[in-house]
Amino acid sequence: MIRLALAVLASMVMTAPLRAAEKVSDFTLDNGMQVVVIEDHRAPIVVHMVWYRAGSADEPPGQSGVAHFLEHLLFKGTDTLAPGEFSATVAKNGGTDNAFTSYDYTAYYQRVAADRLPLMMQMESDRMKNLRLSEDDIKTERAVILEERNMRVDNNPAALFREQKDAAQYLNHRYGVPVIGWRHEMEELSLEDALSYYGTYYSPNNAILVVAGDVQPDQVLALAKQYYGVIPANPDLPKERYRSAEPPQTAERRLVFRDARVAQPYVSRSYLAPERDHNAQKQAAALTILSEVLGGSTTSILAEKLQYDSKTAIYTAAYYGATSLDDTTFDLIVVPAPGVTLQQAEDALDDVLAGLLENGVDQDRLDRVKMQVRASEIYALDNTEGLANRYGRALTQGLTLQDVQDWPKVLQEVTADDVLAAARTVLDRRQSVTGWLQAEEVGQ
Amino acid sequence: MKMMRFILPLVLLVAALPARAEVNIQEVTSPGGIKAWLVEDHEIPFTALELRFKGGAVLDLPGKKGATNLMVGLLEEGAGDLDSRAFARATEELAAGFSYDLSDDVVSVSARFLTENRDQAVGLLRDSLINPRFDPDAIDRVRQQVLSGILSDEKNPRDIASKQFRKLVYGDHPYAQDQSGTVDSVSALTRDDLVMAHRNALTRDRLYVSAVGDITPGELSALLDRLLADLPKAGPELPGVAALHFPGGVHVTDFATPQSIALFAQPGIDREDPDFFAAYILDLILGGGSFESRLMQEVREKRGLTYGVYTYLVDKEGAKLWMGSVASGNERIAQAVQVIRDEWQKMLDHGVTQQELDDAKTYLTGAYPLRFDGNATIANIMVGMQADGMPIDYIATRNDQVNAVTLDDVQRVAKRLLDPAKLTFVVVGQPEGLPAN
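Conventions we followed
Each chain carries its own residue numbering, running from 1 in the written order of its sequence. Here chains are named by letter from A upward and ligands by number from 1 upward, in the order in which they appear as written. Predicted model: local features are reported for residues with pLDDT of at least 70 only, side-chain atom pairs are reported and counted for 80 or more only, and whole-chain, interface and lining totals are derived from all residues. A helix here means a DSSP run of H or I that spans at least four residues, while a strand means a run of E at least two residues long, and both kinds are numbered starting from the N terminus. Atoms counted for the radius of gyration: C-alpha only. Globule rule: 2.2 Å times the number of residues to the power 0.38. Think of it as a crowd count around each C-beta: if 20 or more other C-beta atoms lie within 10 Å the residue is buried, if 12 or fewer it is exposed, and in between it is partly exposed, with C-beta placed from the backbone throughout. Whether two residues are in contact depends on their C-beta atoms, placed from the backbone: they are in contact if these lie within 7 Å. Residues were grouped as follows: Ala, Val, Leu, Ile, Met, Phe, Trp, Tyr, Cys and Pro as nonpolar; Asp, Glu, Lys and Arg as charged; and all remaining residues, including Gly, as polar. Orientation is described by axes fitted as lines to C-alpha atoms, over the contacting stretch for helices, and by angles from 0 to 180 degrees between their N-to-C directions. Pairs of strands are assigned from DSSP output, requiring at least two bridges between the strands. Where a domain begins and ends is set by an automatic assignment or by a domain database. What a helix should span is 1.5 Å times the count of its residues minus one. Each angle receives one of four descriptions, namely roughly parallel if under 35 degrees, roughly antiparallel if over 145, roughly perpendicular if within 65 to 115, and oblique otherwise. Read the arc as the range of directions from the helix axis to the C-beta atoms.

Observations regarding the overall build of chain A
The helix and strand tally for chain A stands at 15 helices and 12 strands. Its C-alpha atoms give chain A a radius of gyration of 23 Å, near enough to 22 Å, the size a compact globule of 444 residues would have. The C-alpha extent of chain A, read off along each of the three principal axes, is 65 × 60 × 40 Å. Taking all 444 residues of chain A together, 52% fall into the buried category.

What follows is the structure, encoded as structure tokens:
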């Protein structure tokens, strides 16, 4: 079935007609593989992506990092490709390729001239099932991911701090374990671990193909049938993505992380928060607007109160990860000005939050944020790869195409009352973690 | 109307021909004499505009290191009748985006604005460039942010490495100093210093402009005069060429962290040198940012010594370097450094193979047209081309220049350029088996 869904962008705030919208089609192959096509004919380029509904939060206990490890190993050989030949072939065709892993998904992509799409599909479909790994591959690539951990985490006190905070935020859910893995478990990852994860999750009925660029939907469908459609579905794919759920969080958590490499201390607070759900995005939309109003820019409430008025902070921000399969977080950060203690910075943050919960948000702020949201939909059209990512992320995290296309409208419909109600629900200290990042104490 | 056109090969063979880039660039000159390159594309109702002012942080006056950096940070912190907060609100109400950036050699301004409120957005951008306020409270606020950044850099191994590298290689040229300045120099900056930095850095004689999107040549022409005509005509002279020092060896800075960061470099090549494309291909094969490079294969893929190792040609106004970087655990960095040295020597002794050259060419010529894929991206490429003095038809001829490079060219340039004795490593961390100087 070919369904052409024109995502009509929300235009309720402004009356000017919008002339642009992304052109999206979707299909499902007989083996269950979902296909999304985003057309952009401005340049003869295509982005070809395969997303698996499997990430680090789907790993077995004790094997943290195996999803990401396997992602690296997919660039080794198959029955027909020598190790490294995949990327070498993409490069010979003038393309670039890469992959990434998160809690809820693993994705592989190539960016090439549009006429090379068949070759990309041929190779990507090949490594969905035909991976061949040796013990040597395991040994070398394990060293690489350990160096990656060194670079991203162990060399960076802020990243180490974040790991400890996430672990404290989730009492029972796998989001508390880092995507890259805990070092002691990474060191033990084996060929069997990687292949077991591969066998469980890599199959067409657990994958989404996203093709974006100078292509025609019927042409993509024909190629998808030819290359991916012939791979049998895995009948043993777990019916549900089972994750151990969070119990009620009833006790506020606090932690202090000290590291000699910290030059600029700061306070970070995160609250457990609901995510966007299929056909139920309203509360997440309110939280998205709340994060913008509170700490999205220099005109937001935190910046005005703490950076401009009281000069307590040199930097403030709020962040909310709306798209997530399971419960996400709403995060706040305050970087104190010189001479301001972390306690004072935290108190100032709590004063702002108390004021917000008391007074709500004014309409001016709300209108500015909505104008930004509306414009960001126009600017987003300039980046086809960004659009492809948006769909891939949503579809691997429990949302549908319709949810993605409704989202701008749901955001525009958020009222000041919605924002206040969402704030009152989520800004509950019992579900929060407050962390202080500090330098080592002197004189010990 | 669609102004980006590409001609595709008619048939797809195993060794397919690359797409050909034919970006249709128009040169627009305003009545006031300001030139810009334009690609018209009315598909999405916004325009991406790029401005580059040559000069940048090297224009800091003696004792005023960091003045240009702080000045650039203040351009969006109040202008014309609007103080910092009012300016930010006005920008958000229009959903325009302005970003102001600095490097040693360039002040960059990137803007995007919707067609529906283009005039108002350009008015705000104009004020920020021509009439920044430099209000005392804004100066203090942004100064604190800069100082915090400087202190953080002092405890970040990558930034420490960069600082050590500058000191070692650039001698007494302004490149030796970080553009942010030091705690002392930034603390001492006055409002007058910032006014002077503004006067010196944003001038018409070193300005380059490009625009891509929903705008006609006539509209752009009027925009250019309104936006830029009131800038000062000329700025002070730029510092000359840097005398570079490459003593060779490994220079270690002790810093307690598990992974050592290494920067390495030797003399590079000018973009205008006839051998540039051969050198560019040589760099790609050696370590130029792809998985297929020799260094990536030898250091990462075969030995697992790093997550990433890269080389690149640095083309600063007053310094041409061939640089690279790698990061490895303290216990393994010595081995990574040795493998890199060995590959350097091997490349000098034996050059590249015909297969490597062919693969590099198909990659470069195939990848080139893929760069031109969005208003913001194209505007950014076009302004860089102008600043580098490239002709307006460069895009159409660039792949021919790559294809013209022969195996003899590459072998000759390998002998000419590669210089293992000058290859100098700066390492920050606690590397085992690499003695600290």
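Some words on unusual backbone geometry
Residues and elements named next belong to chain A. Its identity is not glycine, yet N279 carries a phi of approximately 60°, on the positive side. Here N279 is to be found in the loop between β9 (266–273) and α9 (282–295). The backbone of K311 shows a phi angle near 55°, a positive value even though the residue is not glycine. Secondary-structure assignment places K311 in the loop between α10 (301–309) and β10 (313–320). We classify K311 as partly exposed; it has 14 C-beta atoms within 10 Å.

Observations concerning the interface of chain A and chain B
By a frequent convention, interface size equals the accessible area lost on bringing the separate parts together. Between chain A and chain B, the residue contacts involve 53 residues of the former and 60 residues of the latter. For the side of chain A that touches chain B, the secondary-structure elements that each account for two or more residues are α2 (85–92), β6 (106–113), α4 (135–154), α10, β10 and α12 (363–380) of chain A. Residue contributions to the side of chain A that touches chain B peak at 9 residues, all from α4 of chain A. Split into classes, the residues belonging to the side of chain A that touches chain B amount to 23 nonpolar, 16 polar and 14 charged.

Focus on the packing of helix α3 (residues 118–130) of chain B against helix α8 (residues 217–228) of chain B
Two elements in contact, α3 of chain B and α8 of chain B, have axes whose closest approach is 8 Å; the angle formed by their N-to-C orientations is 35°. Counting all contacts with α3 of chain B, which are made through V122, L125 and R126 of chain B, the residues of α8 of chain B involved are L223, R226 and L227 of chain B.

Section: the sheet that holds strand β11 (residues 328–336) of chain A
Residues and elements named next belong to chain A. Read across the open sheet, the 5 strands follow the order β8-β12-β9-β11-β10; overall the sheet is mixed. Taken across any chain shown, the strands that pair with only one partner, and hence form the sheet edges, are β8 (253–258) and β10. Strand-to-strand, the axes of this sheet are offset by a mean angle of 15°, without reference to chain direction. Pairing analysis gives 7 bridges linking β10 to β11, with the strands arranged antiparallel. By the bridge assignment, T316 is partnered in β11 with V334.

Thoughts on the domain arrangement of chain A
Residue and element names in this part refer to chain A. Here the domain parsing of chain A yields domain 1 (31–227) and domain 2 (253–438). Relative placement of domain 1 and domain 2: their C-alpha centres are 29 Å apart. Each partner contributes residues to the interface: domain 1 has 26 residues there, and domain 2 has 27 residues. Elements with a minimum of two residues in the side of domain 1 that touches domain 2: β3 (34–39), β4 (45–52), β6, α5 (157–169) and β7 (207–213).

A word on the domain arrangement of chain B
Residue and element names in this part refer to chain B. One can read the domain layout of chain B as domain 1 (4–155 + 166–228) and domain 2 (249–370 + 389–429). Computed from C-alpha coordinates alone, the two centres of domain 1 and domain 2 are separated by 30 Å. In this assembly, 17 residues from domain 1 lie in contact with 15 residues from domain 2. At the level of secondary structure, the elements contributing two or more residues to the side of domain 1 that touches domain 2 comprise β2 (20–23) and α5 (157–170). Among the elements that take part in the side of domain 1 that touches domain 2, β2 stands out by supplying 4 residues, more than any other. Counted by class, the side of domain 1 that touches domain 2 contains 11 nonpolar, 1 polar and 5 charged residues.

Details of the sheet that holds strand β15 (residues 424–429) of chain B
If you trace the 5 strands from one edge of the open sheet to the other, you get β11-β15-β12-β14-β13 (chain B), paired in mixed fashion. If you trace the sheet from one side to the other, it starts and ends with β11 (249–254) and β13 (309–316) of chain B, each paired once. Strand-to-strand twist across the sheet, computed as the mean angle between neighbouring axes with direction ignored, equals 20°. Lying on the sheet, α4 of chain A is in contact with β12 (259–267) and β14 (319–329) of chain B; it crosses β14 of chain B at an angle near 100°. Lying over the sheet, helix α10 (residues 294–301) of chain B contacts β13 and β14 of chain B, oriented at roughly 145° with respect to β13 of chain B.

Quick notes on the pairing of strand β5 (residues 96–101) of chain A
Residue and element names in this part refer to chain A. Where β5 lies against β6, 6 bridges are found, and the strand directions are antiparallel. Counterpart to F100 in the pairing with β6 is A107. Where β5 folds back on β6, the antiparallel hairpin that results is connected by 4 residues.

Observations concerning helix α4 (residues 136–153) of chain B
Look at α4 of chain B: 26 Å from first C-alpha to last across 18 residues, which is about the 26 Å you get at 1.5 Å a residue. When α4 of chain B is considered as a whole, its buried residues turn out to be A138, I139, R141, V142, V146, L147 and I150 of chain B. On its buried face, α4 of chain B sits against α10 of chain A together with α1 (67–74), β6 (78–79), α2 (84–94), α6 (183–187) and α7 (191–201) of chain B.

A few points about the environment of D172 of chain B
All names here are of chain B. Mapped onto the fold, D172 is located in the loop between α5 and α6. We classify D172 as exposed; it has 9 C-beta atoms within 10 Å. Separated by 73 residues in the primary sequence, D172 and S99 have C-alpha atoms spaced 31 Å apart.

A look at the packing of α4 of chain A against α5 of chain A
All names here are of chain A. The geometry of α4 relative to α5 is characterised by a closest axis approach of 7 Å and an angle of 90° between their N-to-C directions. Taken together, the axes of α4 and α5 lie roughly perpendicular to each other. Here α4 contributes R152, V153 and D154 to the contact with α5, which in turn contributes A159, L160 and E163. Its residues assigned to classes, the contact of α4 with α5 comprises 3 nonpolar, no polar and 3 charged.

A word on the environment of T78 of chain A
Residue and element names in this part refer to chain A. Residue position: T78 is located in the loop between α1 (66–73) and α2. Taking the number of C-beta atoms within 10 Å as the measure of exposure, T78 has 19 and is therefore partly exposed. In this structure the C-alpha to C-alpha distance between T78 and L133, which are 55 residues apart in sequence, comes to 7.9 Å. Ignoring anything within four residues of it in the chain, the contact list for T78 reads D126, R127, N130, L131 and R132.

Some thoughts on the environment of A54 of chain A
Residue and element names in this part refer to chain A. Of note, A54 is situated in the loop between β4 and α1. Along the chain, A54 and D350 lie 296 residues apart, while their C-alpha atoms are 37 Å from each other. The contact partners of A54, leaving out residues within four places of it in the chain, are A67, T106, Y201 and N206.

A few points about helix α13 (residues 375–387) of chain B
All names here are of chain B. Taking 1.5 Å of rise per residue, the 13 residues of α13 would be expected to cover 18 Å, and the 19 Å separating its terminal C-alpha atoms lies within 8% of that figure. Among the residues of α13, N375, A376, I378, A379, M382, V383 and Q386 are the ones counted as buried. Taken around the axis of α13, the buried residues stretch over an arc of 165°, which confines them to a single face. Looking one or two places after α13, you find G389, whose phi comes out positive at around 75°.

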